[in-house]
Amino acid sequence: MIASLLAQSAWVAPTIDWHALAPEIVLAVGINLVLLIDLWLAESKKWIMATLSGFVMLAAFVPVVTLAVVGDDVRSMFDGRYVVDQYSLILKALFLLAGYVVVLLSQTELEEGGYYQGEYYVLLLASILGIVMMTSSRDLVSIFVALELLSIPAYMMAAWRKRDRKSNEAGVKYYLLGVFATGVLLFGMSYLYGTTGSTKLTDIGAALGGDLLALQVIGIVFVIAGFGFKVSAVPFHTWAPDTYEGAPLPVTAFLSVASKAAGFVALISLLYLALYPAKDVYQPLIWVLAALTMTVGNVLALRQTNLVRMLAYSSVSQGGFILMPLAVMATGDAAEAALKTVVIYLLIYAFSNLGAFGVVIAVSRKTRSGSIESFGGLMSYAPGLAILMTLFLVSLTGIPPFGIWIAKLQAFKTLLDAGSNAAYVLAVIAAVNTVIAAAYYMKVLREMWMKPVPDGDITPIVAPQPVAAALGICAAGTVVLGILPGLVLRFADLQDLNGAFGR
Amino acid sequence: MPGSLVGNHVVIVVLLTLHLVVGLAVVAVDRRLGRWGFAVAAVPAFATVVAVSTQLGPVLDGRPRVEEHAWVPALGIDVVLRLDAFAALMMMLVSGIGLLVCVYAIGYFSHPKSGTGRLAGLLTLFAGAMLGVVVSDHLLALFVFWELTTVTSYLLIGNDDRDPTARDASLMAILVTGAGGLAMLAGFVIVGQSAGTYLISELAASTSLDGTAVTVGVVCILIGAFTKSAQVPFSGWLPGAMVAPTPISAYLHAATMVKAGVFLLARLAPALADIGPWRPLVLGVGGATMVIGGWRALRQTDLKLLLAHGTVSQLGFLTMLVGAGAYDVAQAGAVLLLAHGAFKAALFMVVGIVDHQAGTRDVRHLHGFGDGWRPTLVVGVIAAASMAGLPPLLGFIAKEKALDAAGSDEPFMLVMIVVGSVLTVAYSGRFVLGILGRLGDQGGEAVSRQAPAPAWSFVAPAVALTVFTVGAGLAPVIIDRLVRASTVSLYPASDPAHVHLWAGVNIALLLSIAIVSIGAVAVWRHVSIERAQTQFHGAIAWLPTSDEAFWGGMRGLTRTAQRTTATLQNGSLPLYLMVILAVAALAPLGPAVAELDSLPALVGDAEAHIPIAVIVAAGAIGAAIAERRIASVLLLGAVGYAMAGFYVVQGAPDLALTQFAIETLATVLFVLVLRFLPRQFESGRAAVGVPVRLLVSGVVGVSVFVLALVAAGSRSDVEQASISDEMLARSVPDGKGSNVVNVILVDFRGLDTMGEVTVLVVAALGAVALARAARPTAMAPTQPTPSGAGTGFARLPIVEASASVLFPSIVLLSLYFLFAGHNQPGGGFVGGLTAGAAISLRYIAGGVSAVRRSFRLKPWTILGSGMALAVGIALLPLLMNDALLQHRSFEREFALFGKVKATTALPFDVGVYLVVIGLVLMAFEAFGDDVESEARSGVDPGADRGSEPGAEASTA
C-alpha cells in the first residue's frame, strides 16, 4: 500500500540544497567526530574535546556566513518544510555563537570538576544541532524532532554533576516535567494535524482560516502550553529554578539562553506560519502567560539569596517580556514589530545572560559559593569582573545604553502599535515589572560595589582564558548591540520569515 | 580645543565624548590620581564653558545649533543634539558649577582616602550624562542620558561608603529615580507615538496631542520629572542622599541632577501644559513641595540637611514656575535656576568647609569661629540672603520676577510662593544663625572656635559664586540677554521683558517686604516656632513619612515575594506537576464544553457496557486509594482487562487480544520492578493537601472526559474522508490480509512499526544497561542461580508442574498467532506478547535461570536478530527497485496443506515477534534475578516502554 500511495503522488527524491544544509551537516559530522575521537583519547588529553567542539561550532558558522553573503534568496527544501531564510540564518548564527560561548564556559569547569568531557560535548553539540534545525523547521514533525534533539541531551547535561544530589534532582525534574510537556505538545500537534490534514505549517495556517473547531482550539492551547514549558513560562516554569540551581553552571547558562530561545523560535514559526489566523485563541492565552511570567518570575526573584537562583527567576521573567509582543502580534499592525522585537530580544538577552553566568562561573571558582553575598566587595579585588557584571546586569535591567534596553523599548512600542486596551494593560504590567526587576539587579550591584568582602580574602581573581574569552564576546555583544542596535535590527523583517501570511 | 572645532558639526558630540573618555580614564587610574582626579575632571567642565561661550552669539540670537547623527535608523532614533539658549543656560550652569566644585573638591579631599579618584571620574561621567540630557532633542536619547545620570549618581552617592545608611540612601535614590525614569520612558513613547514625532522641538507643533493615551503619557512623564526633582511625595530620597561627600551634594543637589526634572518640565511645558492634568499636577505638587520642604528645613539641626530640605522647597518653587506653561513665569524660572544654582552651591560649599574644618555641621555644636573665617562666613551670609530673596542679590530678582508674573494670572501659585518664601526667609535666617554660632548649645564646648581657618583655595569657589550672586544682582544686564533668549527659545512667540533689579513700587515689592518681615519675625521667635513644630509633629506622628512609606513598601514587597516563593516553589515535584496538570486541564475545558451541543447517549445498545464500566471505575478508584504498591498495580491491571472487555463487546477481538496480552505482561513486569521499592506508598506529609489533590484530579478527569467526547464527536466536522474506511477497503486487495489491524501494522504503517521496534530495542538495551550498572554483582550471567531460591516466591509444586505443561502450549499458541495473524486475530506483536506471558510463567516457576534455560539464545541475540530481520525485509524491495516495505504475496497449492498464502509481511512480523520476546527476556534479565541484593531501581523504563507500542497497536 505504501508503494501504491507513493506511486500515486509520483515520488521523486527531494532535491537537497547542500549549501543550505551545510551548517547542520558540519555539526552532524562534528558530533560523530567528537564521539569517535573521544573513544580513543587518553584521559589526560581530554582537554582536546573542548577545543575540537569549539572548532566544530565555528566551522558550522562558516556556511552560515557564506549563505548570508551569497544572497538573500530563500532556500526552501522538502516542499517548504525546511527553509533557510534570513530569519533562520541570523538565529543560526546566534545559536552557534551561544554554543561556542557555552563551550568556552564549560572547559575549565569540566576539567577542574573531573566530569566526563567527551560525552558532554557530544551532547552539547547534539543539542545545538537540534536548535539550529529548529530555526529552519517549518513542519510539525521537523519541529518536534528538533525539539527532542535539543531537549534530550539537555536532560542529561542537567544531571552532569553525578555525585551531587542537587544536580540529579535538577536532571530528574527537568526530565519528568519535560516529557510531560512533550506529551501535551504532541497531543496538541496531533489534533492540529488531524483537523487540518497537514503537518506543514503554512498548510495548517491556510486551513485555520475559517471558523475554528473545538479540536483546533484545544490543539492550539496544548501546543502553546507545550512550548510554554520550553520557554519556562509561568505556570510551566516550575522546573527552571530547581534545574538551574542544580545543574552545572555552564549548563544552566545554556538552558537559560539557547534552549529557551529555541522554544521561542519554534513558537514564532508556529504562531506566524500556522496559527496566525487563530488570534482569538492564542492572543489571550499568551497575554496571560506573559503577564504571569514576568510578574511571578520577578516576585520570586526578589527574595533569592542565591545568585544563580535569582538569575534563574529573572530569566523566567525576561521570558515574559519576550512573550509580551507575541500577545498582541495579530492586533493592529503590530505583526512585524512583534517579530522584530522577539528576535532582537533573544539576540541581546543571549549575550547579557550568558555573560552574567560567565561572571558567576569565574567568581564562584574562588568563592565556592553561589550566594549573592559572596559577591560582596568584588569591585575591590576583581574590578574587571565587577564592571562586566555591572554591564550585564544593567543591560538585563533595561537601562540604556546597554543591550536589552532597546529590546524592551521595542517591546513597549509594539504594544503601543497594537493599540488595544489589552496591549495597554500589558504595557503597564510590564512597566511595573521592569521596576521590580531593577530592585533585585541593583541588589547585586550594591553588593559588588559597596559591601565589604565577606571573608576578607581579597586575592584577585584570574579568570581562566576560555572564560575570559567568553566574557569578552558577551560584553562586546551587549555593548555593541546596545549602542548600535541597527546592526541586527534589519534582520527579522517579516518578509525574511518565509511564508508568513501565506507569502 | 573648541576654538578649532567651531564651524564643524561635532562640537557638542566632542564635548560629550570628552566627558566620557576623561571620566573612564580617571575611574581607571583611580588610586594614582587621588584627589587630583578632580583637577583632571575640571578639564572637560572648563572646555564646555569655553565652547558654549563661543557659541553664545548666534544661539542667543535665536539660531540654535543643531547636530544630527543617525543612531538607530531602523527605529527612527537619531541623536539630535540641539543647543538653544535654554540649553546653553543649563550647560553654563552645569559646567560652570561643575568647574568650581572640582576646584573645591581638591581642597575638601585633602585627607587621602580610597576611592577619591573614582569619585572624580564618576563626577565627570555624570556631568557628561547631564549635558546629554540638556542638549538631546530626541526624547529617547534624552531618556538614555537621563538613565545614565541615575546610574552614575547612584554610584556617586554610595561610593565606597562603609556606612549602611549610605547604601540604603543610594539604593532608595536609584529605586525612586530609576522607577520614575521608566515611567517617564513609557510616557515618552506614548506621547511620541501620538504626536508622530520624538523631537522636542517639533512636539509643540503637533496637533494630535489629545485623548486618554496622551493624558496617561503626560502623567507618566510628570512622575519621572517629579521623582528626579524630589517633589512630594517622592522627596524622601534627596535628604537621604546627603550622606554623599559634600562636593557631590553641592553638585548633584544644587546645580544638576535635581534640576533635570525641572529642565524637562520647562522643555515640555510649552507643548504639554494644556493637556488635562499637567497644570493642576505641576502647581499642586510644586506648591506642596515648596511649603513642606520649607517647613521641614526649619526643624533641622544638621546644616546640610537644612539645605537639603531647603533644596526640596526651592525645587518645588522651580517646578511651579517652569511647569506652568506661561512665558513670563517661565522667565522667572530661568532667573531662579541661575540664582539657585549660585547660592545653593555656595551654601553647600560653606557647610562642607565647616564640616571639614570643625568636624561637625550640627548647629548645636557650633559656637562661632575664630580669625580667618571671615570670608567663609561672609559668603555664607550673602548666599543665604540671596536664598531668602533680599536685595540687591540675584535671589531677590528671581523672587520679585516670580511674584510679579504669578500675581497677574496665577493666584494659587502666588499664595504658595508667598507662604513658601516666608518659610524660606525663616530657614535662611536659621542657617545664618547656625553658622554664626548663635544656635549652639548652652554650656557646650566651643570646639568650633579652635577650628583651623580654611585655605584660601578651599573658599575661593564659594567666593566666586557669591561674586556672581552679587554682581548679577546689582547689574542684571549681564544675565538679561541669556534669560530672555532662553525664554524665547522655549516660547518662540513670546516677548519677555527685561530683567530689572528695581522695577518700581508694585505689588511684588510690597509682597516681598511683607515676606521678609514675617520671615524676620519667625527668625527672631525661632524658639517658640520650634516648640510649635515639635507639638505639631507629635500630633501627626502616626502619619508615615515618605521614608517610612518607601521602606514599608519595600518590606511589603519582599514579604509578598517570600510568601509566594514558599507556596509556589517549594521544590515538590508533585506540586509542580499538579499546577501544570490543572492548567493544561482547565485551559481547553471552556472551548471543549462549548462544542458539546448534546450529550451522546452514554449507554449504547450494549447493556454489557454497564458492568464493565463499573469494573473500570472500581478498579481506578481502588488503584488510587490502595496503600500497597502491588495492590495498586493489580487494580490498574483490572482496569486494563475491563477495557479489553469493551473491545470484545464492540466486536474487536484482535484489539482485545492485544490488550489482554499487554496487560498481563505489563502487570508482571511492574511487579518485577516493584519488588525493589518499599511495599507501601510513603505516607509522610504530602506537599499538597488531600482536598486540593482531589480537586485537581477531578478537574483533570472531567477535562479528559469532555475532551474524549468532543474528539469522538468531531469526526463529522472535518472535511477529509476518513482514513479508516479507506484502510478497510484496501486491506485485502493491497495488503493481502483480512486482519486490518495487522495489515496496518506491517504494511500501511510498516514504517511506524519499524521505528517502534527500533525504539523498543534501544529501550531494552538501555534498561538492561542501567539495571546492571545499579546492581553490578547480581548480574554476573555465569553465576548459577539455585532454582527458585532467589526469586522471592514460594515454590509451589503445582505452579511448577502446570508451568512445564503450559509453557510449550502457550508458545505454540503464540506461534499460531504469529502465522495466522495476517488474516485472523493475531500478529507479531500479539504473538510476541503471548510468548512473553509464557516466559513470565516460567519465571514464576523457576526464577531467572529457568527463563534462561528455556531459551538457549542470549536475549540480546534474539532481540538483535529480530531487529535485523525486520529491517532486512523492509529494505529488500529496494534491491528490486521497489519502494521500502513493499510486500509481495505468494499463493501456491501444496499437496498436504492445500492452498497456502504467504506474503513477505510474514518475515517482517517474525522480526517483530522476536523483538518482543527479546524485550521480555531482557526485562527478566535486568530486573528478575534475586532479591538478596538490596539495590533499588526507582525508574522503570523497561516496563514502561514495553507497554507503549502495544498500547499503540491496540489503538491503531
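Residues numbered from 1 in each chain as written. Chains lettered and ligands numbered in written order. Predicted model: local features only at pLDDT ≥ 70, side-chain atom pairs only at ≥ 80, totals over all residues.

Quick notes on the overall build of chain A
Then step 1. Helix and strand counts for chain A stand at 20 helices and 2 strands.
Then step 2. Considering only C-alpha atoms, chain A reaches an extent of 75 × 60 × 45 Å along its principal axes.
Then step 3. Residues counted as buried form 65% of the 503 residues belonging to chain A.
Then step 4. In chain A, once contacts between residues fewer than 6 apart in sequence are set aside, the share between residues at least 24 apart is 82%. (Helix = DSSP H or I, 4+ residues; strand = E, 2+ residues; numbered from the N terminus. Buried ≥ 20, exposed ≤ 12 C-beta atoms within 10 Å, placed from the backbone. Contact = placed C-beta atoms within 7 Å.)

A closer look at the overall build of chain B
Then step 1. In terms of helices and strands, chain B carries 37 helices and 4 strands.
Then step 2. In chain B, buried positions account for 50% of the 956 residues.

Some thoughts on the packing of helix H17 (residues 394–409) of chain B against helix H21 (residues 507–524) of chain B
The geometry of a pair of packed helices is captured by two quantities: the angle between their axes and the separation between those axes.
Residues and elements named next belong to chain B.
Then step 1. Contact pair H17 / H21: the axes reach a minimum separation of 8 Å and the direction vectors enclose 120 degrees. What the angle tells us is that H17 and H21 run oblique. The interaxial crossing formed by H17 with H21 has right-handed handedness. Of the residues in H21, those in contact with Lys399, Glu400, Leu403, Asp404 and Gly407 of H17 are Ile507, Ala508, Leu509, Leu511 and Ser512.
Then step 2. Residues belonging to the contact of H17 with H21 are distributed by class as follows: 5 nonpolar, 2 polar and 3 charged. (Axes fitted to C-alpha atoms, helices over the stretch in contact; angles between N-to-C directions. Parallel < 35°, antiparallel > 145°, perpendicular 65-115°, else oblique. Left-handed = near helix turned anticlockwise from the far one by under 90°. Nonpolar A, V, L, I, M, F, W, Y, C, P; charged D, E, K, R; others polar.)

Things to note about the interface of chain B and chain A
Frequently, the measure chosen for interface size is the accessible area removed from exposure when the parts meet.
Then step 1. Taken together, the contact pairs 61 residues of chain B with 51 residues of chain A.
Then step 2. Residue assignment for the side of chain B that touches chain A shows that the elements contributing at least two residues are helix H6 (139–157), helix H7 (164–195), helix H23 (546–568), helix H24 (573–586), helix H25 (589–595), helix H29 (690–713), helix H30 (723–735) and helix H31 (740–748) of chain B.
Then step 3. Broken down by element, the residue count for the side of chain B that touches chain A peaks at 12 residues, all from H7 of chain B.
Then step 4. Of the residues that constitute the side of chain B that touches chain A, the class distribution is 37 nonpolar, 15 polar and 9 charged.

Topic: the packing of helix H12 (residues 279–302) of chain A against helix H18 (residues 421–450) of chain A
Residues and elements named next belong to chain A.
Then step 1. Two elements in contact, H12 and H18, have axes whose closest approach is 9 Å; the angle formed by their N-to-C orientations is 15 degrees. Taken together, the axes of H12 and H18 are roughly parallel relative to one another. The two elements H12 and H18 cross, and the hand of that crossing is left-handed. Across the interface between the two elements, Trp287, Ala290, Ala291, Met294, Thr295, Asn298, Ala301 and Leu302 from H12 touch Ala422, Leu426, Ile429, Ala430, Asn433, Ile436, Ala437, Ala439 and Tyr440 from H18.
Then step 2. By residue class, the composition of the contact of H12 with H18 is 14 nonpolar, 3 polar and no charged.

Observations concerning the environment of Thr202 of chain A
Residue and element names in this part refer to chain A.
Then step 1. Here Thr202 shows up in helix H8 (residues 201–207).
Then step 2. Judged by the 23 C-beta atoms lying within 10 Å of it, Thr202 is buried.
Then step 3. For the pair formed by Thr202 and Ile37, sequence separation is 165 residues and the distance between their alpha carbons is 42 Å.

Concerning the nonpolar core
Then step 1. Grouped together as the largest cluster of nonpolar side chains are 439 residues, with contacts concentrated most on Leu125 and Leu346 of chain A together with Leu321, Ala345 and Ala346 of chain B.
Then step 2. In this structure Ala345 of chain B touches Ile97, Leu100, Ala250, Ala254, Ala255 and Leu465 of chain B, once residues within four positions along its chain are discounted.
Then step 3. Listed in part, the 73 residues of the second largest apolar core include Leu665, Val673, Met867 and Ala874 of chain B. (Core = buried A, V, L, I, M, F, W, Y, C linked by C-beta atoms within 7 Å.)

Here we look at unusual backbone geometry
Then step 1. With an omega of 5 degrees, the peptide bond between Val234 of chain A and Pro235 of chain A qualifies as cis.
Then step 2. Note that Pro235 of chain A resides in the loop between helix H9 (214–230) and helix H10 (239–246).
Then step 3. Note the cis peptide between Pro391 of chain B and Pro392 of chain B, where omega equals 0 degrees.
Then step 4. Mapped onto the secondary structure, Pro392 of chain B falls in the loop between helix H16 (374–388) and H17.
Then step 5. In this structure, Ser232 of chain A is a non-glycine residue whose phi angle is positive, near 45 degrees.
Then step 6. Owing to 29 C-beta atoms within 10 Å, Ser232 of chain A belongs among the buried residues under this scheme.
Then step 7. Look at Ala230 of chain B: it is not a glycine, yet its phi comes out positive at around 55 degrees.
Then step 8. One can find Ala230 of chain B in the loop between helix H9 (212–228) and helix H10 (237–240).
Then step 9. On the basis of neighbour counts, which here come to 30 C-beta atoms within 10 Å, the residue Ala230 of chain B falls in the buried class.

Examining helix H36 (residues 905–927) of chain B
Then step 1. The terminal C-alpha atoms of H36 of chain B lie 33 Å apart, and with 23 residues this matches the ideal 33 Å at 1.5 Å per residue to within 8%.
Then step 2. Within H36 of chain B, 22 of the 23 residues are buried, which leaves it mostly tucked inside the rest of the structure. (Expected span 1.5 Å × (residues − 1).)

Observations concerning the confidence of the model for chain B
All names here are of chain B.
Then step 1. For chain B, per-residue confidence averages 79 on the pLDDT scale, and residues scoring 70 or more make up 86% of the total.
Then step 2. Low pLDDT, under 50, characterises residues 1–7; the predicted model gives this stretch 12 contacts beyond four residues in sequence or across chains.
Then step 3. In this model, residues 778–792 is a region of pLDDT below 50 whose contacts with residues beyond four sequence positions or in other chains number 27 contacts.
Then step 4. Complex prediction metrics read pTM 0.73 and ipTM 0.75. (pLDDT = per-residue confidence, 0-100.)

Considerations on the environment of Leu657 of chain B
All names here are of chain B.
Then step 1. Its place among the elements puts Leu657 in helix H28 (residues 653–674).
Then step 2. Taking the C-beta count within 10 Å as the criterion, Leu657 has 24 such neighbours and is therefore assigned buried.
Then step 3. Distance in space between the C-alpha atoms of Leu657 and Leu833 is 9.9 Å, their sequence separation being 176 residues.
Then step 4. Other than its neighbours up to four places away in sequence, Leu657 contacts Pro825 and Val830.

What about H9 of chain B?
Owing to its 3.6 residues per turn, the α-helix aligns residues three or four sequence positions apart on the same side.
Residues and elements named next belong to chain B.
Then step 1. For H9, which comprises 17 residues, the first-to-last C-alpha distance of 25 Å matches the rise-based estimate of 24 Å (1.5 Å per residue) to within 8%.
Then step 2. Burial within H9 is extensive, with 12 of its 17 residues counted as buried.
Then step 3. Those residues of H9 lying buried are Val214, Gly217, Val218, Cys220, Ile221, Leu222, Ile223, Gly224, Ala225, Phe226, Thr227 and Lys228.
Then step 4. In the segment just after H9, Ala230 is the residue with positive phi, at about 55 degrees.

Remarks on the environment of Ala418 of chain A
Residue and element names in this part refer to chain A.
Then step 1. Within the secondary structure, Ala418 sits in helix H17 (residues 404–418).
Then step 2. Accessibility expressed as a C-beta count within 10 Å gives 25 for Ala418, which makes it buried.
Then step 3. In this structure the C-alpha to C-alpha distance between Ala418 and Gln318, which are 100 residues apart in sequence, comes to 21 Å.

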